[in-house]
Amino acid sequence: MKKQVNLQLSNKASTRLVKLSKQLGLSCDEFASLCFEYVDIKHQGIVRAASKLREQKAQSAIHKKDLSKHLKQLSASQIELLLMKATQKKKS
């Protein structure tokens, strides 16, 4: 029985998936399936990479908390100005 999963890959992972699957003569789905069937989560490279990702997420969460705290200190007019600038940047 086959299952379908949607992944959000980094640009590097996506490029490698396409390149390596072509080298093996497999579709991206087939190669990704093989990778997940045989990956060893105890592999030191994977352990280090996972640790690095967790650290990045934690740092991002800290920055978001600081931003939230900062936004609470702004006046309504300052927040309105920030929203207008953000809208202008998004349009361009």
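Residues numbered from 1 in each chain as written. Predicted model: local features only at pLDDT ≥ 70, side-chain atom pairs only at ≥ 80, totals over all residues. Heavy atoms only, no water.

## Some remarks on the overall build of the protein
Quick note on the threshold: The helix count covers DSSP runs of H or I at least four residues long, the strand count covers runs of E at least two residues long, and both are numbered beginning at the N terminus. Only protein chains enter the accessibility calculation, which uses a 1.4 Å probe; a residue whose area is less than 20% of its type maximum is buried, one above 50% is exposed, and one in between is partly exposed. His is not counted, nor are the chain ends, whereas Lys and Arg count as positive and Asp and Glu as negative. All charge positions are set by atom: Lys at NZ, Arg at CZ, Asp at CG, Glu at CD.
Scanning the protein for helices and strands turns up four helices and zero strands. Starting at the N terminus, the α and β elements of the protein follow one another as α-α-α-α. For the protein, the spread of C-alpha atoms along the principal axes amounts to about 60 × 35 × 25 Å. Considering the protein as a whole, with its 92 residues, one finds that 5% of them fall into the buried category. For the protein, the centre of its 19 positive side-chain charges and the centre of its 7 negative side-chain charges are spaced 6 Å apart.

## Examining a positive patch on the surface
Let me state the cut-off plainly: Within the patch definition used here, like charges are joined within 9 Å and nonpolar side chains (Val, Leu, Ile, Met, Phe, Trp, Tyr) within 5 Å, considering only residues with over 30% relative accessible area and no salt bridge. Here the accessible surface of atoms and residues is derived via Shrake-Rupley with a 1.4 Å probe, and residues count as covered only by protein chains that are part of the display. Salt bridges are counted wherever a side-chain nitrogen of Lys or Arg sits within 4 Å of a carboxyl oxygen of Asp or Glu.
On the surface, Lys 12, Arg 16, Lys 19 and Lys 52 cluster together into a patch of positive charge. At three residues, the largest contribution of residues to the positive patch is made by helix 1 (residues 11-24). As for its placement among the helices and strands, Lys 52 is situated in helix 3 (residues 44-73).

## Details of helix 1
Selection criterion: Every helix has an expected span of 1.5 Å times one less than the residues it contains.
The terminal C-alpha atoms of helix 1, which comprises 14 residues, lie 20 Å apart, in line with the 20 Å expected from a rise of 1.5 Å per residue. After helix 1 finishes, the residue Gly 25 shows a positive phi value of roughly 75°.

## Observations regarding the side chain of Ser 21
Stated precisely, the cut-off is as follows: Two N or O atoms form a polar contact when they lie within 3.5 Å of each other; inside protein one atom must be a possible hydrogen donor and the other a possible acceptor, and for residues adjacent in sequence the pair counts only when both atoms belong to side chains. Contacts are residue-level and defined by heavy atoms, with any inter-residue pair within 4.5 Å sufficient.
Residue placement: Ser 21 occurs in helix 1. What makes Ser 21 buried here is its relative accessible area of 1%. A polar side-chain atom of Ser 21 sits 2.8 Å from the main-chain carbonyl oxygen of Leu 17. Sequence-distant contacts of Ser 21, that is, excluding residues within four places in its chain, are made with Arg 16, Leu 26, Ser 27, Cys 28 and Phe 31.

## Structural notes on a nonpolar patch on the surface
Together, Val 5, Leu 7, Leu 9, Phe 36, Val 39, Ile 41 and Ile 46 make up an exposed nonpolar region whose accessible area comes to about 690 Å². Tracing the sequence through the fold places Phe 36 in helix 2 (residues 28-38). Taking relative accessible area as the criterion, Phe 36 reaches 59% and is therefore assigned exposed.

## A short note on the environment of Arg 16
Tracing the backbone through its elements, the reader meets Arg 16 in helix 1. In this structure Arg 16 comes out as partly exposed when scored by relative accessible area, which is 48%. Sequence-wise, Arg 16 and Leu 82 are 66 residues apart; in three dimensions their C-alpha atoms are separated by 39 Å.

## Considering the confidence of the model for the protein
How we decide: Per residue, pLDDT captures the predictor's confidence, and it can take any value from 0 to 100.
Here the protein averages 86 in pLDDT, and 95% of its residues register 70 or above. Predicted confidence in the protein is weakest over helix 3, with a mean pLDDT of 81, and strongest over helix 1, with 96.

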